[in-house]
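Here's the letter readout for the chains.
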Amino acid sequence: MMRKVFLVLLVVLSISIFAKATLYIYNWADYIPEDVIRAFEEKYDCRVVYDTYASNEEMYAKFKAGGGKGYDLIFPSGDYVSIMKKEGMLQKLDLSKIPNFKYLDKDILTKTTYDPNHEYSIPYMMGSTVVIVNRKYVKEYEKSWSIFDREDLRGRMTLLDDMREVLGAALKYLGYSVNTKNPKELEEAKQVVLRWKKNIAKFDASSYADGIVSGEYWVVHGYAENVFQRIPEGEEEYFDFFIPKEGGTLWIDNMVIPKGAKNVDLAYKFINFILEPENAAKIADYLGLPSPNVEARKYMQTEPIYTVEDLKNCEFIEDVGEALELYNKIWLEIIM
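Residues numbered from 1 in each chain as written. Predicted model: local features only at pLDDT ≥ 70, side-chain atom pairs only at ≥ 80, totals over all residues. Heavy atoms only, no water.

## Re the sheet that holds strand S7 (residues 200-203)
Then, number 1: Read from one edge of the open sheet, five strands run S7-S6-S8-S5-S9, paired in mixed fashion. With partners counted over all chains shown, the strands left at the sheet margins are S7 and strand S9 (239-242), one partner each. Averaged over all pairs of adjacent strands, the angle between their axes in this sheet comes to 20°, without regard to strand direction.
Then, number 2: With three bridges joining them, strand S6 (residues 157-159) and S7 adopt parallel strand pairing. In the strand pairing of S7, Thr-158 is matched with Lys-202. (Pairing = 2+ DSSP bridges. Helix = DSSP H or I, 4+ residues; strand = E, 2+ residues; numbered from the N terminus. Axes fitted to C-alpha atoms, helices over the stretch in contact; angles between N-to-C directions.)

## Observations regarding the nonpolar core
Then, number 1: By size, the foremost hydrophobic cluster in this structure holds 113 residues, and its most contacted members are Phe-75, Phe-148 and Val-219.
Then, number 2: Element by element, the count of residues in this core is highest for helix H10 (residues 264-274), at eight residues.
Then, number 3: Dropping the residues within four chain positions of it, Phe-148 is found in contact with Val-131, Met-157, Thr-158, Leu-159, Trp-196, Asn-199, Ile-200, Val-219, Val-220 and His-221. (Core = buried A, V, L, I, M, F, W, Y, C linked by side-chain atoms within 4.5 Å. Buried < 20%, exposed > 50% of the residue type's maximum accessible area, 1.4 Å probe, protein only. Contact = heavy atoms within 4.5 Å.)

## A word on the pattern of salt bridges
Then, number 1: A full pass over the atoms with the stated rule returns 24 salt bridges.
Then, number 2: Put simply, Arg-230 and Asp-30 hold a salt bridge, and the shortest N to O gap is 3.1 Å. Taken together, the positions of Arg-230 in the loop between helix H9 (224-228) and S9 and Asp-30 in the loop between strand S1 (22-28) and helix H2 (34-44) put the pair 200 residues apart, joining distant regions of the chain.
Then, number 3: With a relative accessible area of 28%, Arg-230 lands in the partly exposed category.
Then, number 4: A salt bridge links Asp-105 to Arg-297; the nearest nitrogen and oxygen atoms lie 2.9 Å apart. Separated by 192 residues along the polypeptide, Asp-105 in the loop between helix H4 (78-86) and helix H5 (106-109) and Arg-297 in the loop between helix H11 (277-287) and strand S11 (315-316) bring together distant segments of the chain.
Then, number 5: Given a relative accessible area of 13%, Asp-105 falls into the buried group.
Then, number 6: With relative accessibility at 33%, the residue Arg-297 sits in the partly exposed group.
Then, number 7: Counted as one network, the salt bridges with shared partners bring together Glu-187, Lys-190, Lys-329 and Glu-333. (Salt bridge = Lys/Arg side-chain N within 4 Å of Asp/Glu carboxyl O.)

## Focus on the packing of aromatic side chains
Then, number 1: Scanning the entire structure with this criterion turns up 21 aromatic pairs.
Then, number 2: Chaining the aromatic ring pairs together yields one cluster made of Tyr-26, Trp-28, Tyr-53, Phe-63, Tyr-71, Tyr-223 and Trp-251.
Then, number 3: A cation over an aromatic ring shows up here: Lys-62 above the ring of Tyr-26, its NZ or CZ 4.7 Å from the ring centre.
Then, number 4: Geometry around Tyr-327 places Arg-164 over its ring, the cationic atom sitting 5.0 Å from the centre. (Phe/Tyr/Trp six-rings, centres within 6.5 Å; stacked < 30°, edge-to-face > 60°. Lys NZ or Arg CZ within 6 Å of the ring centre and 35° of its normal.)

## Brief notes about the side chain of Glu-185
Then, number 1: Tracing the sequence through the fold places Glu-185 in helix H7 (residues 183-197).
Then, number 2: Buried charge Glu-185 goes without a salt bridge, the closest partner of opposite sign being Lys-184 at 7.0 Å. (Lys, Arg positive; Asp, Glu negative; His and termini not counted.)

## Structural notes on H2
Then, number 1: Here H2 has its buried residues at Val-36, Ile-37, Phe-40 and Glu-41. The buried residues of H2 all sit within an arc of 140° when viewed along its axis, so they share a single face.
Then, number 2: Those residues of H2 that are buried are in contact with S1, strand S2 (47-53), H10 and H11.
Then, number 3: Positive backbone phi, at 50°, marks Asp-45, one or two positions downstream of H2. (Arc of directions from axis to C-beta.)

## Re the layout of surface pockets
To find the voids left in a structure, one rolls a probe of water-molecule size over its atoms.
Then, number 1: For the largest pocket, the calculated volume is near 270 Å³.
Then, number 2: Taken together, 17 residues form the lining of the largest pocket, with Trp-28, Ala-29, Tyr-53, Ala-205 and Asn-226 sitting closest to its centre.
Then, number 3: For the lining of the largest pocket, the per-class residue count stands at 11 nonpolar, two polar and four charged. (1 Å grid on protein atoms, 1.4 Å probe; cavity = no way out; pocket = protein on both sides within 12 Å on 5 of 7 lines; lining within 4 Å. Points joined across faces, edges and corners; volume = space filled by probe spheres on them. Nonpolar A, V, L, I, M, F, W, Y, C, P; charged D, E, K, R; others polar.)

## Some points on the sheet that holds S1
Then, number 1: Spatially, the three strands line up as an open sheet ordered S2-S1-S3, and their pairing is parallel. The open sheet is flanked by S2 and strand S3 (73-74), the only strands paired with a single partner.
Then, number 2: As defined by bridge partners, S1 adjoins S3 across two bridges and the pair is classed as parallel. Bridging across to S3, Tyr-26 finds its partner in Ile-74.
Then, number 3: Sitting on the sheet, helix H3 (residues 56-64) touches S1, S2 and S3, and the angle it makes with S1 is about 135°.

## Let's talk about the environment of Ile-37
Then, number 1: By secondary structure assignment, the location of Ile-37 is in helix H2.
Then, number 2: Note on Ile-37: relative accessible area 4%, which makes it buried.
Then, number 3: Spatially, the C-alpha atom of Ile-37 lies 24 Å from that of Glu-233, the residues being 196 residues apart in sequence.
Then, number 4: Setting aside chain neighbours within four positions, we find Ile-37 in contact with Ile-32, Val-48 and Tyr-50.

## Focus on empty space enclosed by the protein
Then, number 1: Inspection of every chain in the model, using the stated rule, returns two cavities of 30 Å³ or more.
Then, number 2: Its volume calculated, the largest cavity comes out at about 120 Å³.
Then, number 3: Along the walls of the largest cavity sit 14 residues, with Asn-56, Ser-77, Asp-79, Glu-165 and Ile-317 positioned nearest its centre.
Then, number 4: Mapped onto the lining of the largest cavity, the elements with two or more residues apiece are H3, H4, helix H6 (163-174) and strand S10 (249-255).
Then, number 5: Residue composition of the lining of the largest cavity, grouped by class: six nonpolar, three polar and five charged.

Spelled out as structure tokens, the structure:
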């Protein structure tokens, strides 16, 4: 009799576990602190499955190939919100289900030209890619993109494996727009990147953070937050993060619900949860970035690596339309 009772309880427990609502998220790696996700699971008695990608291009290619089915929430940058919106890949949002939207900085919202009325996207974080220098090995340097021209650092530097970020860096270095559609300007940028390529170890979007902290690389181009999280306590002084004097790219990553999402209500709950000021502050502190959430700034306990003010010389990456084909062609010529 006891065995039957035990089996019944086991079946009931199994059913309750498998019946638990699950939110499937596709996002950049190391982009939300684990305790925020756990707090969401506890609050809504659900489970979160979190898969990651290294670039917008990787995420987009997966969706184009049909591999994105099953995800309820993704975090594309603004230019890819524009592309995916045009291709009918995103659901329209009901802002009444996201009351914490009111906490987002109005000035930052004016920069979301890719979705000005927030019909499809909600800003998550904003910032710029930066150059990070390990000062244990590099004592003197100019805070410029020209650092990648330094032959004395050959083999000790990396550039992101990201077409728009790398070409954007070269375009800003030359004094051009990161969104140029001018073939002559893009050809000049290609030549700059090919020159830089001779000095870098590789184009890398996944291992550069561990590499610069370990000393394998001395100068890397990447996301400050990825490196910031890995610096051992007490060694912060050895790492310099800077936006080059010529300026850089400006990115805004967003929360969007793809068409075909199964757990739409849970996705809305997650977006609203992320926008709660205390949670938004935890995320900004974890990443070392300025928060687009005005109310969250009151709860932050860490000074960000750079401020919203520091981003003024940066230019937002926009959808370049048909010129994307030329960008892709040039990028292939660079990485081949």
